[in-house]
Each structure stands twice: as structure tokens, then as C-alpha cells.
Amino acid sequence: MSKRDYYEVLGVSRTATDQELKSAYRALAQRYHPDKNQNDASAEEKFKELGEAYGVLADPDQRQRYDRFGHAGVSSGAGQTWGAPGFGGIEDILGDLFGFSDVFGGGRTGARRSAAQRGADLRYDLEITLEDAYRGMTAQLRIPRLETCETCKGNGAAPGTQPETCSNCGGSGQVRYQQGFFSVARTCQPCRGAGRVMKNPCTDCRGAGRIEREKQMEVKIPAGVETGSRLRVQGEGESGSQGGPSGDLYVVIHLAEHERFERQGSNLYASLPLTFAQAALGADVFVSTMEGEEKIKVPTGTQTGTVFRIKGKGMPVLGGRGRGDLFVSVSVVTPTSLTREQRKLLEQLAIIENKDLEDKGLVDKVRDIFG
Ligand SMILES: [Zn+2]
Ligand SMILES: [Zn+2]
């Protein structure tokens, strides 16, 4: 495979200044950064190619050799050119790109290069109806989160300015001093270990490199979710700082109460009110399901508390096949108001029942209990 011309890779002319090279590299490296192009092999290739091109052209000696001899002049290997004298290394440039919140945040110790931090995971509590959970849905979410500041592209410096290398530590973030035989490193105070200081912080993000924005997004909620289900949306949490990857978004499901159904796992529960006559004589009744109605046969002499199971009319199983069942529990409803005709019929029934009880010698017992 033939190598592309380094100037072409960066999209600059052969007479580009160092500053032009740097700007071009920044813009392109940000576009093809692996964190932003996950699972995109071509972006990763481009990103590597950019690093190699910039590594050579940013070094005056290498650039001169490249100009005279082309790729052959710098063929010692791109990886080695990155550490060439006079050039701070690829991480420094990427550090520039992805924010310096710590410069102003303070309190950090340790080397700057280990400071790339993954963005925070976010939790979003979403209440949905049982119907939504039954069918699955696409939810429109509005999520406040920290995103890379567009004004400064995340480096925290006002447009047109750059964070400057800290003069106290020369950019390493640490100062070393000799103590007897030992060389002791200590976090640089003026830059608080960041290696950079910002004379003109970006006014939009106040130098943090990240800014709170409300992000709108669609999230597919699969059928069968229940209260407590957590859906992970990769990379949709907060932006990382200093080149770190974004966190993840977790959508936590809450089911709103339903007027008819209670849910346990993939089964649904409902009550089935029957009149005394239906329960006593038996009847064909229609039971509401999530999809409409289902006819069931209530046998003669059905008691309150009797449970009928309607197979496959429960909730879909999350991520699996099949459905739960619907259980309906009979409750015989005592009428609270009667028409004249109903009253007359019930009175007749009462006389018959009373006589029945007398015949069986049960009346006194009933009086004893309630008397
Ligand atoms: Zn900014
Ligand atoms: Zn410093």
C-alpha cells in the first residue's frame, strides 16, 4: 500500500506554518478520534495516519528530511518520530484537544497523562404504561449532560488562543528536586499538575472544556420491560475529560400503575366481578386482556376467590420467547341497589333459602354466631 503525502493527509500546503499544521491536525484528529468513531476501522486508520503525518511535519528536522526525501527520509517508523526531540509527543496534542478542566478544578495530583477520565454514567428514570411495556416503544428522551464545548473544541482555551505550556514545569506537570541521593517529584503548583496554563479561558465553558447541554435522543424500549429494568445506551453518558471516553446512559424503567392489571414477572392478574346469578348458574363472560377480550366459561357454583388462568395472555418475556399468563380471580358482587323486580325475586329466593336452612337445622347456628 502506498503512503499518502503527509501534507495531503493534513490538508495543508507545503508552506504551512507550524500553527497551521497544528490547527489542521486538531480539527481532523478530533473528527476521527476513536472515542467518537467507535467500531469504525476506517476512522481509526485515518486517526493513525494523521498522527503519523503530524508527528513528522511538526518536527522541523523531520519535516526538512521529508521535504527532501519524501517518506524514505523519515522511514524509521512513525511511532519513533512521535518522541523526537523538540516535539512534545502525541498525547500532548490530544491533551490539548480534549479539555483541561483540571487546570481550574484543582486538587489533582499525579501525572497529567494519566488524567484522561471516562465521562460519568448517567441514569434516567423513565415511567411508562403497561401498554408501552407490552408492545415496546420508542421513547423520546431529553437528557441534561456534559458535552464537549463546541466553542473551544474541549480544550478550554478561548478561540484563537492555546493553553500554554507551564513555564514552571515545562509541561510535565511535575517538578523534580534532589534530596540527598533521591530525585523527588512533586506536583507542579502553578499548573496544578496539568502541565498547561490558560491565559484566556473559553468564556462559554469557563475553561472546563465541557458544557451542560440537553441532549434529545430516541431510545428503543423493548417489549416485556418491567419496573427496575435497566437499559444501557453505550456512550451516551457524559463526555470524558482529557480524551477519556464517554460514559454510558442507563434508562431505568418504572411501570405506571394500571387500572385493571397487576403484573408479577410475565404474568398479569385481574379481578373478575360476577353477579350472584352468574356465579351460581354459570355463564359465558368476557374478560379484558391487553389485546381485547377473551371469552371464558364460568361453571355453575363458582365461588369468590376462584382463579381462572388464561394461557398466553400475560406479558411478553423480555429478550425471550413466549408470554406469561393472565390470571383472573372471581369476586361475587353483592348489588348495592335493587330494582323492584330484583328485590321481589331476591325476597322469594330468601324465603326458599331460609326454609332450606331450617330444614337442615342450620338457622339457630347462624343466629348463635351473629346474635
Ligand atoms: Zn469552551
Ligand atoms: Zn506546571
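Preceding block: the structure.
Because the structure is a prediction, the values reported are computed rather than measured.

A. Representation of the coordination of the zinc ion (ligand 2) in the model. Every protein donor of the zinc ion (ligand 2) is listed here as C166 (SG), C169 (SG), C188 (SG) and C191 (SG), and their distances to the metal cover 2.2 to 2.3 Å. One chain supplies every donor to the zinc ion (ligand 2), and in sequence these donors are spaced C-x2-C-x18-C-x2-C. Of the residues examined, C191 reaches a relative accessible area of 0% and is grouped as buried.

B. Up close: the coordination of the zinc ion (ligand 1). The coordination sphere of the zinc ion (ligand 1) contains the protein donors C149 (SG), C152 (SG), C202 (SG) and C205 (SG), at a distance range of 2.3 Å. Coordination at the zinc ion (ligand 1) is tetrahedral: its 4 donor atoms span angles of 103 to 116° at the metal. Taken in sequence order, the residues that donate to the zinc ion (ligand 1) follow the motif C-x2-C-x49-C-x2-C. Relative accessible area serves as the criterion here: at 5%, C152 is assigned to the buried category.

C. Highlighting the pattern of salt bridges. Following the criterion strictly, the structure yields 20 salt bridges and no others. R14 serves as the salt-bridge partner of D67, at 4.0 Å between the closest nitrogen and oxygen. In this pair, D67 sits in helix 4 (residues 60–69) while R14 sits in the loop between helix 1 (6–10) and helix 2 (18–31), placing the two residues 53 residues apart along the sequence. K199 is the partner of E164 in a salt bridge, and the nearest nitrogen-oxygen pair spans 2.9 Å. Taken together, the positions of E164 in strand 3 (residues 164–165) and K199 in the loop between strand 6 (196–197) and strand 7 (210–221) put the pair 35 residues apart, joining distant regions of the chain. Judged by relative accessible area, which is 57%, K199 ranks as exposed. When salt bridges with common partners are traced through the structure, they connect R118, D121, R232 and D248 into a single cluster.

D. Molecular detail of the packing of aromatic side chains. Within this structure, the stated rule accounts for 4 aromatic pairs. Centroid distance Y7 to Y66: 6.1 Å. Interplanar angle 40°. Geometry classified as tilted. Placement of the pair is Y7 in helix 1 and Y66 in helix 4, with a sequence separation of 59 residues. Residue Y7 shares its accessibility class with Y66, and that shared class is buried. Among the aromatic side chains, those forming a connected cluster through ring pairs are Y6, Y7 and Y66.

Rules of the game
- Residues numbered from 1 in each chain as written.
- Chains lettered and ligands numbered in written order.
- Predicted model: local features only at pLDDT ≥ 70, side-chain atom pairs only at ≥ 80, totals over all residues.
- Heavy atoms only, no water.
- Donors = N, O, S within 2.8 Å, 3.2 Å for Na, K, Ca; no water.
- Buried < 20%, exposed > 50% of the residue type's maximum accessible area, 1.4 Å probe, protein only.
- Tetrahedral: all angles 85-135°; square planar, octahedral: opposite > 155°, others 65-115°.
- Salt bridge = Lys/Arg side-chain N within 4 Å of Asp/Glu carboxyl O.
- Helix = DSSP H or I, 4+ residues; strand = E, 2+ residues; numbered from the N terminus.
- Phe/Tyr/Trp six-rings, centres within 6.5 Å; stacked < 30°, edge-to-face > 60°.

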